[in-house]
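Close look at the chain arrangement
Each chain is listed here by its residues.
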Amino acid sequence: MVQGQINAIDFFSDPYRDAYSRVNGIVLEGEQQAYENFVRLAELLPEHKAELSHLAEMEARHRKSFEACGRNLKVTPDLDFAQRFFADLHGIFQHAADAGQTATCLLVQALVIECFAIAAYNSYIPVADKFARKITESVVKDEYSHLNFGEIWLARFFEQVKEEVEAANRQVMPVIWRMLNWVESDMKALGMVKATLIEDFISRYGEALGHIGFTTRDILRMSVYGLRA
Ligand code: PL3
Ligand code: FE2
Ligand code: FE2
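Here's a quick rundown of the structure. Everything numeric in this text was worked out from a predicted model, so none of it was measured.

The next subject is the coordination of the iron ion (ligand 2). Protein coordination at the iron ion (ligand 2) comes from Glu-31 (OE), Glu-59 (OE), His-62 (ND1) and Glu-143 (OE), with a distance range of 2.0 to 2.2 Å. Site description for the iron ion (ligand 2): donor spacing in sequence, E-x27-E-x2-H-x80-E. When its relative accessible area of 2% is taken as the criterion, His-62 is described as buried.

What surrounds ligand 1 is a group of 16 residues, the closest being Glu-31, Glu-59, Glu-114, Tyr-124 and Glu-143. Contact between ligand 1 and Glu-59: an oxygen atom at 2.9 Å from a side-chain N or O atom of the residue. Protein contacts shield 100% of the accessible area of ligand 1, which totals 530 Å² for the unbound molecule. If you list the elements that add at least two residues to the shell around ligand 1, you get α1 (14-44) and α4 (102-124). Counting residues per element, the shell around ligand 1 draws most heavily on α4, at seven residues. Here the residues of the shell around ligand 1 are counted per class, giving eleven nonpolar, one polar and four charged.

Turning our attention to the pattern of salt bridges. Oppositely charged side chains are able to pair whenever their charged atoms sit close together. Under the defined criterion, the tally for this structure stands at twelve salt bridges. Taking the shortest distance from any N to any O, the salt bridge between Asp-186 and Arg-22 comes out at 2.7 Å. On the criterion of sequence distance, the pair formed by Asp-186 in helix α6 (residues 158-189) and Arg-22 in helix α1 is long-range, its members being 164 residues apart. What makes Asp-186 buried here is its relative accessible area of 8%. Judged by relative accessible area, which is 18%, Arg-22 ranks as buried.

Calculation notes
Residues numbered from 1 in each chain as written. Chains lettered and ligands numbered in written order. Predicted model: local features only at pLDDT ≥ 70, side-chain atom pairs only at ≥ 80, totals over all residues. Heavy atoms only, no water. Donors = N, O, S within 2.8 Å, 3.2 Å for Na, K, Ca; no water. Buried < 20%, exposed > 50% of the residue type's maximum accessible area, 1.4 Å probe, protein only. Near = heavy atom within 4 Å. Polar contact = N/O pair within 3.5 Å; in protein donor to acceptor, adjacent residues only side chain to side chain. Areas by Shrake-Rupley, 256 points an atom, 1.4 Å probe, with all protein chains shown as cover. Helix = DSSP H or I, 4+ residues; strand = E, 2+ residues; numbered from the N terminus. Nonpolar A, V, L, I, M, F, W, Y, C, P; charged D, E, K, R; others polar. Salt bridge = Lys/Arg side-chain N within 4 Å of Asp/Glu carboxyl O.

Shown next, in the form of structure tokens:
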């Protein structure tokens, strides 16, 4: 029995599977966009093409793995909902890619989205069904390497890209909090705790900002930007 959980979760109940159709859709769409974003990043950073293409392939595999999780529970993922869910975030990435703003693209995909995914997957693992738990545990290990790529590149060019990264942070954080509120009730139906996810995201994202060169003061300001209690 998992901490805080009074009754065992009925993974085949209608309310569980209804919420799962949206959350699974979000995860499939998120992995799909992560794939496309790394393909785009490989074009923006031809000197890292091999590594970025490898990361893109990992995302394509993640999507397939999570498809199996939905199938296992006999759930049809709500992909229309998921596209609406990601529309604003997707727009930010695409606009930046069209403008050649590599630092913005890396902040959005490799830092923000990956930290969000790691926080979400880590809070899902303890309440997942056995099949999905195994899959999510192996996916989350890959996501750390995606975060790492972004940290290394942004740290290397920190002085040149600092202002662009700050502007990208201001653009993306309010969107992230909105997305989180949007899935709150569905996550709850899966037994996930929003406050834990937020804590995990903020500490992970803050740590990443520190690795690339921001000061503690910058980190505190940036990692909670746009968050209202
Ligand atoms: C990057 O590799 C992937 C980006 C995916 C973003 C997913 C966000 C997830 C929000 C709520 C997910 C709960 C986890 C449940 C897993 C079936
Ligand atoms: Fe992924
Ligand atoms: Fe990833």
